[in-house]
Amino acid sequence: MKTLHLALRSLRNRRATALLTICAIAISVALLLGVEKMRSAARDGFANTVSGVDLIVGARSGQLNLLLYSVFRVGDATANVSWESYQKIARHPDVAWTIPISLGDSHRGFRVMGTNGDYFKHYRFAGDREIKFASGKPFEDLYDAVVGAEVAKQLGYSVGSKIVIAHGLGNVSFAKHDDKPFTVVGVLERTGTPIDRTVHVGLQAITAIHVDWQSGMQAPPGSQIDADDARALDLTPTSITAFMVGMESKVMTFTMQRAINEYRQEPLLAIIPGVALSQLWNLVGIADTALMIVAAFVVLAGLLGMLTAILTSLNERRREMAILRSVGARPRHVFTLLIAEAGMLATAGVASGVAVCYGLIFAARPLLEKRFGIFLDPGGLTGYDLAILGAIIGAALLMGALPAWRAYRNTLSDGLTIRV
Amino acid sequence: MIHYFKFLICSGLGLAALVSSAESLEQHAHSHGAVTLNVALEGQVLSLEIDAPAINVLGFEKSPRNDAERQAVAAVDTWLSAGRDIAGVPRAAECRLQSVTYVAPKLGSGHADYRPRYTFRCANPAALEWVELWALRRFKDVEKVEVNVISASMQRQDTLAPGSLRVSLK
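Residues numbered from 1 in each chain as written. Chains lettered and ligands numbered in written order. Predicted model: local features only at pLDDT ≥ 70, side-chain atom pairs only at ≥ 80, totals over all residues. Heavy atoms only, no water.

### Remarks on the side chain of Ser28(A)
All names here are of chain A.
(1) Moving on: Along the polypeptide, Ser-28 turns up in helix α2 (residues 15-49).
(2) Moving on: Ser-28 sits in the buried class, given a relative accessible area of 1%.
(3) Moving on: At a separation of 2.8 Å, a polar atom in the side chain of Ser-28 contacts the main-chain carbonyl oxygen of Ile-25.
(4) Moving on: With residues near it in sequence (within four places) discarded, Ser-28 still touches Val-298, Val-299 and Gly-302. (Helix = DSSP H or I, 4+ residues; strand = E, 2+ residues; numbered from the N terminus. Buried < 20%, exposed > 50% of the residue type's maximum accessible area, 1.4 Å probe, protein only. Polar contact = N/O pair within 3.5 Å; in protein donor to acceptor, adjacent residues only side chain to side chain. Contact = heavy atoms within 4.5 Å.)

Put into structure tokens, the structure is as follows:
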């Protein structure tokens, strides 16, 4: 205890160097921990976004592409699925339910998704959680919309608000479906998934707002069809972007997946969301590992910086050591003093590194949510994190043994008269 | 202690269906050396589906040219349609082979794949901690085994380590 106290006083005497050393260690620890936290948080975030969906079916492209645009609203579809194919698969006796998805429009930067009531009934996230309404109810009328929690919060919407959907994506769109405004009839509870950033409308509504559009342009005035006239039309879509499938029995999933992938009438792709995610992690895993290695080396550099600082201070501190010796400190006291110093520097560095890391994650979170719709929950320090941090402090103590040994040698030979 | 046991074949039930293939698999991705195992578990039903290129099962992928090759094809048909020595699970799971879906592939000039499917009923599915794909011991030159696992709580893809037969279901 006395040694620790002494080490602390000695460090305070050299606070500038000590603070810089702590900073160097803190930054390197924040980096290492940040990489690790982001990795696990991103995985959990993705894994929690969709559950209970056995298959996702879209136009034939890539597994990851389909997963990303249908569930995470990242990227776009290359082609659509015809309504006939969708109906045929949806009516298959092995299929319990389906959720059609129609994407492509937006509302002030938020994606608009056309779907039907089954979405609120069957979609699950984070294990077995259902989509719940904070207020209102699912859409019933053609021009009803249900907004996610984040949409409602950012744009200040509540049940009864009128909204206009823009054609295509993007924050500022000149092509607006302003002739057919929607009424918000429901606001969803926060889910921590891209649902929060989505405006949901009925599939027929997507057809209705495009009914008088041709090649990305609204028909000229005169041949436009107004909102009420559109109600009278057959609004069954000709195609949808993708659909989710729940099987009667999970055992049939692979068989159904194969049947869809070999479907002759239309090139379709069926993916199992969890399997596609595993593939994504395999792909990203290499980059993850590379980042971790880089971060580990940065930590090593930080610790070497500490070692350098302590070693260079040794010469200046010969007198300090000599005084300690003169008041009765044994060489082993000097040894533990320097080890304690290294340990304290490293512990302070690790502690501030953890603080910096959490600070940065919380600061970056809204941005990531906004840009990518990914919700990062860093959680507490896991056993693995603690093991890493413990290893860093252990390495610091081990490194501290080097200057400690040198100081020990010096105190043996120096005595009170120092020959420099 | 974990015991292995061989799956019992309920003879005379006619569950093993051996139908000649009329299906065309032209759109199926086919790469030599790559075997896929699909494992699905729901309630007491465990379904295993193997997808292996004929070259890795037989050692060749054309129509058999001599008696030895014809015998090899016949032996594989018997083996895969019987379901014996295909896979193992912990004994405590008390699994019984319930049905085999096996369609002998059409060996011709193009690619061919074996895709047998085995359904087991397990009295104690909670003990199903792993599945071992014993069939791999008889396959030839397999370079990669991709395993897709789905159950009520999980969807996952793993790659079996070289030389390993065991797939964790936990």
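The structure having been displayed, the exposition proceeds.
### Some points on the interface of chain B and chain A
(1) Moving on: Contacts between chain B and chain A engage 22 residues on the former and 22 residues on the latter.
(2) Moving on: Carbon and sulfur atoms make up 48% of the surface buried where chain B meets chain A, a total of about 1900 Å² over both sides.
(3) Moving on: Across the chain B-chain A interface, the total number found is three salt bridges.
(4) Moving on: Linking chain B to chain A there are nine residue pairs in polar contact (both at pLDDT 80 or more).
(5) Moving on: Mapped onto the side of chain B that touches chain A, the elements with two or more residues apiece are β2 (34-42), β3 (45-53), β8 (144-151) and β9 (154-159) of chain B.
(6) Moving on: For the side of chain B that touches chain A, the per-class residue count stands at six nonpolar, nine polar and seven charged. (Buried area = accessible area lost by both parts, 1.4 Å probe. Salt bridge = Lys/Arg side-chain N within 4 Å of Asp/Glu carboxyl O. Nonpolar A, V, L, I, M, F, W, Y, C, P; charged D, E, K, R; others polar.)

### Regarding the domain arrangement of chain A
(1) Moving on: If you check the domain split of chain A, you get domain 1 (2-46 + 284-414) and domain 2 (55-271).
(2) Moving on: A separation of 50 Å is found between the C-alpha centroids of domain 1 of chain A and domain 2 of chain A. (Domains from an automatic or database assignment.)

### Re a nonpolar patch on the surface
All names here are of chain A.
(1) Moving on: Residues Ile-293, Phe-297, Leu-300 and Leu-304 make up a contiguous nonpolar surface patch of about 380 Å² in total accessible area.
(2) Moving on: Looking at where Leu-300 falls in the secondary structure, it is placed in helix α10 (residues 273-316).
(3) Moving on: What makes Leu-300 partly exposed here is its relative accessible area of 38%. (Patch = residues over 30% accessible without salt bridge, like charges linked within 9 Å, V, L, I, M, F, W, Y side chains within 5 Å. Areas by Shrake-Rupley, 256 points an atom, 1.4 Å probe, with all protein chains shown as cover.)

### A few points about the pattern of salt bridges
(1) Moving on: Evaluation of the coordinates by the stated rule reveals 24 salt bridges over all chains.
(2) Moving on: The closest approach of N and O atoms between Asp141(A) and Arg231(A), which form a salt bridge, is 2.8 Å. Of this pair, Asp141(A) sits in the loop between β7 (133-136) and β8 (144-147) while Arg231(A) sits in helix α8 (residues 227-232), and the two are 90 residues apart along the sequence.
(3) Moving on: Taken together, the shared-partner salt bridges connect Arg258(A), Glu262(A), Glu49(B), Asp51(B), Arg115(B) and Arg117(B) into one network.

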